[in-house]
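# A look at the structure
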Amino acid sequence: MRAFVGLPLPDAALDVLERLQEGLTVGRHVPTENMHLTLAFLDDQPEAVLETLHQSLAEISAPPLTLSFRGLDTFGGKLPRVLAAEVQATPELTQLRGRVRSACREAGLDLPRERFRPHVTLARFPRHLEAGQVEKIARYLAGAAGFRLDCEVERFALFQSTLAPQGARYDMLAEYELQ
């Protein structure tokens, strides 16, 4: 089962991010119900491993987090593949991510070492963008340069990711309170 651990966002934040998407006319918008901040991508895992992970995740104790969104950016180089709302990597967020990754290792998962660049994906772009589309993305980014949002997150979750031609679908398998 393809899975990840992430932070679901509160409805008020989702509303703001959905309104932010409205100005973007290029690419495929991520559905609001799929917006989250990934703490650990697990790839395909047997259900038994995910059950062991669930038990480890349930033991994590951490306070609620304030996510501070500070601007938008693209990933993918000169021809962007993704538009994302960037989140500041606070010590509290980084510490929670570290605890989640430790729980993954305890469950027997070997996660790749990667730089943590917290973000929420807002749109995905086709592989081959035309020059006019790249210009539209640049104008959109310039217009949204001052984007700011703070929200409190009170839980994290284990999600299943199901790929389909129309895009991925994320289903919450378990959630864990931050308190």
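For the structure itself, consult the block above.
Everything numeric here is computed off the predicted structure, so don't read it as measured data.

The rules behind each value
Residues numbered from 1 in each chain as written. Predicted model: local features only at pLDDT ≥ 70, side-chain atom pairs only at ≥ 80, totals over all residues. Heavy atoms only, no water. Pairing = 2+ DSSP bridges. Helix = DSSP H or I, 4+ residues; strand = E, 2+ residues; numbered from the N terminus. Axes fitted to C-alpha atoms, helices over the stretch in contact; angles between N-to-C directions. Contact = heavy atoms within 4.5 Å. Expected span 1.5 Å × (residues − 1). Buried < 20%, exposed > 50% of the residue type's maximum accessible area, 1.4 Å probe, protein only. Arc of directions from axis to C-beta.

Time to look at the sheet that holds strand β8 (residues 155–162). Pairing in this open sheet of four strands is antiparallel, and the strands run β3-β1-β8-β9 from one edge to the other. The sheet is open, and its two borders are formed by β3 (36–44) and β9 (169–177), each paired with just one other strand. Put simply, the sheet's adjacent strands are angled 25° from each other on average, direction ignored. The pairing of strand β1 (residues 2–8) with β3 spans seven bridges and is antiparallel. Following the sheet pairing, Val5 is matched in β3 by Ala40. Relative to β3, helix α3 (residues 91–106) is tilted by about 15°, and along the sheet it contacts β1, β3 and β8.

Right, let's talk about the sheet that holds strand β4 (residues 65–75) for a bit. Sheet strands pair by backbone hydrogen bonding; their relative direction is either parallel or antiparallel. Spatially, the five strands line up as an open sheet ordered β2-β6-β5-β4-β7, and their pairing is antiparallel. The open sheet has two free edges, formed respectively by β2 (28–29) and β7 (148–153), since each of these has just one partner strand. Pairing of strand β5 (residues 82–87) with strand β6 (residues 119–124), which is carried by five bridges, proceeds in the antiparallel orientation. Note on β6: the bridge partner recorded for Ala85 is Val120. Helix α4 (residues 131–143) rests against β4 and β5 of the sheet, and its axis sits at about 150° to β4.

In this section: helix α2 (residues 47–58). For α2, which comprises 12 residues, the first-to-last C-alpha distance of 16 Å matches the rise-based estimate of 16 Å (1.5 Å per residue) to within 8%. Residues of α2 that are buried: Leu50, Leu53, Ser56 and Leu57. Along the axis of α2, the buried residues cluster in a sector spanning 115°; they form a single face. Opposite its buried face, α2 presents the exposed residues Glu47 and Ala48, each directed more than 90 degrees away. Elements that come into contact with the buried residues of α2 comprise β1, β3, α3, β8 and β9.

With respect to the helices, strands and loops of the structure, Leu14 is situated in helix α1 (residues 11–21). Sequence separation between Leu14 and Phe41 is 27 residues; the distance between their C-alpha atoms is 21 Å. With near-sequence residues (within four places) excluded, Leu14 lies in contact with Leu9, Thr32 and Met35.

Where β8 meets β9, eight bridges bridge the pair, whose relative direction is antiparallel. The residue bridging Phe159 from the neighbouring strand is Met172, located in β9. Joining the antiparallel neighbours β8 and β9 is a turn of six residues, in which Gly167 adopts a positive phi near 130°.

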